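Chain residues, written in single-letter form:
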Amino acid sequence: MDENEPITIEITRRTVIETGTTALLLTALPPAALAAGPSDGNQPPPPSATVTLQINDRSHQLTLDPRTTLLDALREHLALTGSKKGCDHGQCGACTVLIDGRRINSCLTLAVMHDGQSVTTIEGLAEGETLHPLQAAFVEHDGFQCGYCTSGQICSAVGMLAESRSGMPSYVTEDLTHPVAELTDAEIRERMSGNICRCAAYPNIVAAIKQAAGTPT
Amino acid sequence: MKAFTYQRADSTAHAAAAAAKPGARFIAGGTNLLDLMKLQVETPSELVDINRLPLDKIEETPDGGLRVGALVRNSDLAADSRVRQRYGVLSRALLAGASAQLRNKATTGGNLLQRTRCYYFYDVTKPCNKRNPGSGCAALAGFNRIHAILGTSDHCIATHPSDMAVAMRALDAKVETVNGEGEPRVIPIAEFHRLPGKTPEIETSLKPGEIITAVTLPPPPPGVHVYRKVRDRASYAFALVSVAAIVDSTRGRIRSARLAFGGLALKPWREPQAEEKLVDASADTATFGAAANAVLDGARGFGGNDFKIPLTRRTLHSVLAETTRT
Amino acid sequence: MEMNSPIGPNALDAQGVVGKPLDRVDGRLKVTGGARYAYEMQQDNVLYGFVVEASIGKGKIKSIDTRAAEKAPGVVLVLTYRNSPEQGTGNHREAHPVLTGPEVTRYGEPVAFVVAESFEEARAAAYLVDVKYDRSSGKYTLRNNLDRARAPHPKDAPAADSAVGDFAGAFASAPVQIDLTYTTPLQSHAMMEPHATLAMWDGDKLILHTANQMLNQGQKVVATTLKIPVENVRLISPFIGGGFGGKLWVNADAILAAIASRQLKRPVKIALTRQQIFHVTTHRSDTIQRVRLATDREGHILAIGHDVFSGNLPSEQTYEGAALQTRTLYAGANRLTRHRLAPLDIPVASSMRAPGEAVGLMALECAMDELAEKLNLDPVELRVRNEPSEDPEKHIPFSSRHLIACLQEGARRFGWDKRHAKPGQVRDGRWLVGMGMAAATRGNPLLLSKANVRLDPDGTATVRMAMTDIGTGT
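Residues numbered from 1 in each chain as written. Chains lettered and ligands numbered in written order. Predicted model: local features only at pLDDT ≥ 70, side-chain atom pairs only at ≥ 80, totals over all residues. Heavy atoms only, no water.

1. A few points about the interface of chain B and chain A
In plain terms, the rule: Two residues form a contact once any of their heavy atoms are found within 4.5 Å. By convention, the term buried area covers the 1.4 Å-probe accessible surface removed from two parts as they join, with the contributions of both added. Definition used for salt bridges: Asp or Glu carboxyl oxygen within 4 Å of a side-chain nitrogen of Lys or Arg. Distance and chemistry together define a polar contact, namely a pair of N or O atoms within 3.5 Å, with one atom able to donate a hydrogen and the other to accept it when in protein, and with adjacent residues in sequence counting only for side-chain atoms on both sides. Classification convention: Asp, Glu, Lys, Arg as charged; Ala, Val, Leu, Ile, Met, Phe, Trp, Tyr, Cys, Pro as nonpolar; all other residues, Gly among them, as polar.
Listed by partner, the interface residues are 44 residues for chain B and 42 residues for chain A. When chain B packs against chain A, close to 3,400 Å² is buried across both sides, 54% of that on carbon and sulfur atoms. Taken together, the connections running from chain B to chain A amount to 2 salt bridges. A salt bridge links Asp-76 of chain B to Arg-102 of chain A, with the nearest nitrogen and oxygen atoms 2.4 Å apart. At the surface where chain B touches chain A, the tally comes to 23 residue pairs in polar contact (both at pLDDT 80 or more). Within the side of chain B that touches chain A, the residues separate by chemical class into 18 nonpolar, 13 polar and 13 charged.

Shown next, in the form of structure tokens:
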């Protein structure tokens, strides 16, 4: 057949519905917060702001560009890279941390807004060598593959379990007027819907959360 | 994100005065504002952080309603036992929106003020009359799947993305504000959001320097409360079409109904003629169809969103059937 | 080493490791936030980069004014085609030159790279780069460009077409025919970790901490692009936040960071924004596929034809091999598979999660299902009747093939014999429930591989291989 002769084709309707340890930890020091521009011709940097954050029970005073999100403060200024930047727009949940026990997307908040508040990140969940029950459950149930969503999943689950215990309903809760009795699979999936996993470890994530919640898997 | 000066407001009056300056913006939850600032759709030169203002209570009002402080977080509002008991449609609408992380941060005032998710609004390299008056509307002849079918103009076919606002519209909420001089104002929610007309850049009735302090809910009307949200995913997606319904009926006879629609326009949509068709009406297909006809009178699609017209009809039918089931 | 017979039981089976559940070796690191991905490697004195994308589909940069960006706070460099070095060229698997000239060949193509002392400063300055374009008309839609599609000729790939017997004649004269066209949309890998690179130079040696699934290949591509010896390039990628094929090849982030770092003599890091990933990196092409099956009245395939259209930049020959596995899955004496690639002005199309198979088997198996219905034949039985005894195109024996045994076991386990063949018969509350099946096959190319084993006096064996497991498997 002639490869250069076009094949004609009529398109009919069959359309598919549209849809370590690592060797090189080079230095432990985070980069300087705000350096002056290197050339004389640059405009001066914007005025910085000071903020004191309690992160995993340690107090940190930071002087920051006010535009710095809490996520970037953690990752770029404190070397706490456990919280991940997946989208930087609150759409994936990989940046989820706990502020005063409540889960939020750290990419959609400014560090300066949280002066004096207490932040818990993934690095703050274990007690020394002992993993938090959720962390242990994720390992046991293989609730991850590439690991990039994992920090956010675990922090989100910590927050979720606290919400559920305090009686927070969800969109799939049958009767709003009664406190939620049981964390079914459907409830867990709805409550965790702000955390995306592209490796699709969802079944194992649900199993891990159920175990940590004390529900039989 | 353009550089800005950041200040924390220590009083409502201070906040209102600070925000009267051009280029100033309040930041509360920040989940919409920061989203837009990262893409330079919003470029405030000054951010006024209002998170410490004492506007975070939910209180009973003398007439048996509820006053919700502007800084009450969406999750707290949805979980409040009074809201769950008496304003179920509002609780459901809130729980239908965004994700748990976002609901923990988003506030009542911020939810009302959130801006459209039109793809072209979000892209500063594309024409958008809302973002850049006079530049054109790229959605009219572009990808307009999520866009409006009611209340549109040649200048803008965007939708308002809020679920909470739709429920509040069905409840006839009132928005309370105060300005830099401390003068209060009450704006019925029906008048709060503006349709695009020739000025899509004007989104609300707020004046510069005016700050939302609370939303009051009248005592709830009688009836079954439903918030139905139709979307591409089971969770964490905006409405293609949504319906907030409070339907009072007995044994297949509707006494009255309130219906507000999301996903259809740049404000929550209520059509009194549709509700009239349901007063003292038999709960049957003919009645439901008449109500849908009234809602969809004048509806037009723009190619990518034509499906919203039949979808609205079917969703309304389903909601009315559900709420009148004996 | 010959591989003509199965290996049989051996010492590895006795260890009690293969076939048993195992906690991941990197599990603890991943659940404690201790695994460091490319952008997170700690480095002093680092600079932050931000890409400026073309905002037109095709054309030319008429003017690019970087003065405001260069003067912006914290900015140390703005790279454009005017001040970028000459780089090596090739298709996307051979080289990835950036900022090569004023031409814009696809939407989102990087037109500038801003480097500053902080991320916030780099991002803000990127919005100050003022680009004006002369637009040309482009060709973006596969369906409108089928007449321009030609057989592709990528290097080291199977032939685009295969033919056995007389497909046209056998199809036309067969008593039962199926002729269906399917389309699949463009797909993006959308892995959780944005593409990211930290680049630094030690003299003339380049070190890249980068999210990349194939390091040896990446090393060569970087060397070719930067015109440096391959032994001067080191890629380090211990953890990758998902790839699915999108991090197989070198992308613009690695080259931009390397060029900037060399010029500035400081480490430079960059992560693409989520929005940029969809344009600046590769994707799976959409496809239009025509499947033709013809059988006798008992369902034995007499003719099997599969035509596939996909699209790519004119400079690329990579195509979506959706009909390649049609060549091995079912018997049939008369066969025709053809791939045609349409030149389109779109970002580069390349491998994604089962390239070819994922979308091609969807079409083939849907067509088989329609055929079974037309024949009034059980779909499993249809496969049984068309099980080839050897590779149907190469006429060589399979080393092993258990498709029918798997189908029959699956049928048993799922209660296939109790299913309602007619759709829409079974209700469960608000749901209509159906049961179907499909087969699949994937090529398993065998290549030369190496391992280095060190045996210590205490009996520990350490095995090293150039193998990547990014958590999702290879």
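2. Side note on the side chain of Asn-105 of chain A
Short version of the rule: Numbering of helices and strands runs from the N terminus, with a helix taken as a DSSP run of H or I at least four residues long and a strand as a DSSP run of E at least two residues long.
By secondary structure assignment, the location of Asn-105 of chain A is in strand β4 (residues 102-105). Those residues in contact with Asn-105 of chain A that lie beyond four places of it in its chain are Gly-90, Gly-93, Cys-95 and Thr-96 of chain A together with Ser-99, Gln-101 and Leu-102 of chain B.

3. A word on the state of the cysteines
Quick reminder of the rule: Throughout, a disulfide means two cysteine sulfur atoms within 2.5 Å of one another.
As enumerated under the stated definition, the model contains 0 disulfides over all chains in all. Of the cysteine sulfurs around Cys-137 of chain B, a residue in no disulfide, the closest is that of Cys-156 of chain B, at 5.9 Å.

4. Some details on the confidence of the model for chain A
As a reminder of what qualifies: How sure the predictor is of each residue is captured by pLDDT, a score from 0 to 100.
With 81% of its residues at a pLDDT of 70 or more, chain A shows a mean pLDDT of 86. The model gives residues 12-38 of chain A a pLDDT under 50, and that stretch makes 53 contacts with residues more than four places away or in other chains.

5. A look at the nonpolar core
For clarity, the threshold we go by: To form a nonpolar core, buried Ala, Val, Leu, Ile, Met, Phe, Trp, Tyr and Cys residues must be joined to one another through side-chain atoms within 4.5 Å. Buried means the residue's accessible area, taken with a 1.4 Å probe over protein chains only, is under 20% of the maximum for its type, while exposed means over 50%, and partly exposed covers the values in between.
Leu-134, Phe-138, Ile-154, Met-160, Ile-188 and Ile-209 of chain A together with Val-31 of chain C are the most contacted members of the largest nonpolar core, which has 38 residues in total. At the level of secondary structure, the elements contributing two or more residues to this core comprise α2 (133-140), α3 (150-165) and α5 (202-213) of chain A. Residues in contact with Leu-134 of chain A, not counting those within four places in the same chain, are Ile-154, Ala-157, Val-158, Leu-161, Ala-208, Ile-209 and Ala-212 of chain A. Among the nonpolar cores identified, the runner-up in size contains 37 residues, and Val-72, Val-175, Ile-189 and Ile-212 of chain B belong to it.

6. Notes on helix α11 (residues 403-413) of chain C
Residue and element names in this part refer to chain C. Worth spelling out the cut-off: The arc in question is traced by the directions running from the helix axis to the C-beta atoms.
Among the residues making up α11, those that are buried are Leu-403, Ile-404, Leu-407 and Ala-411. Down the axis of α11, the sector holding all buried residues measures 95 degrees, keeping them to one side. Facing away from the buried side of α11 by over 90 degrees, the exposed positions are Cys-406, Arg-412 and Arg-413. Tucked into the core, α11 has its buried residues touching α8 (326-329) and α10 (379-385).

7. Here we look at the sheet that holds β4 of chain A
Residue and element names in this part refer to chain A. Note the threshold: Pairing between strands requires that DSSP locate at least two bridges from one strand to the other. Note on method: axes are straight lines fitted to C-alpha atoms, helices fitted across the in-contact stretch only, with angles between N-to-C directions ranging 0 to 180 degrees.
A sheet is described by the order of its strands in space; here 5 strands give the open sequence β2-β1-β5-β3-β4, paired in mixed fashion. Pairing within the sheet leaves two strands with one partner each, and these edge strands are β2 (58-64) and β4. Each adjacent strand pair in this sheet contributes to an overall mean axis angle of 40 degrees, direction not counted. Here α3 sits on the sheet in contact with β3 (96-99) and β4, set at roughly 40 degrees to β3.

8. Quick look at the sheet that holds strand β11 (residues 253-262) of chain B
All names here are of chain B. Read across the open sheet, the 4 strands follow the order β9-β10-β11-β12; overall the sheet is antiparallel. In the strand order of this sheet, the two ends are held by β9 (224-230) and β12 (281-282), each with one partner. Sheet topology note: the strand β10 (residues 241-250)/β11 ladder contains 9 bridges and is antiparallel. In the sheet register, Ala-244 faces β11, and the bridge partner there is Ala-260. Packed on one face of the sheet, helix α5 (residues 88-96) meets β9 and β10 and runs near 20 degrees to β9.

9. Describing the packing of α2 of chain A against α3 of chain A
Residues and elements named next belong to chain A. Applicable threshold: What sets the label is the angle itself: under 35 degrees gives roughly parallel, over 145 gives roughly antiparallel, 65 to 115 gives roughly perpendicular, and the rest give oblique. Handedness of a crossing is defined here by the sense of rotation of the near helix relative to the far one, left-handed for an anticlockwise turn of less than a right angle and right-handed for a clockwise turn.
In contact at an axis separation of 10 Å, α2 and α3 are set at 130 degrees when each is read in the N-to-C sense. Comparing their axes, α3 and α2 come out oblique. Helix-helix and strand crossings are classified by hand; for α2 and α3 the assignment is right-handed. Residues Leu-134, Gln-135 and Phe-138 of α2 form the contact with α3, whose participating residues are Thr-150, Gln-153, Ile-154, Ala-157, Val-158 and Leu-161. Each residue belonging to the contact of α2 with α3 can be placed in one class, and the counts come to 6 nonpolar, 3 polar and no charged.

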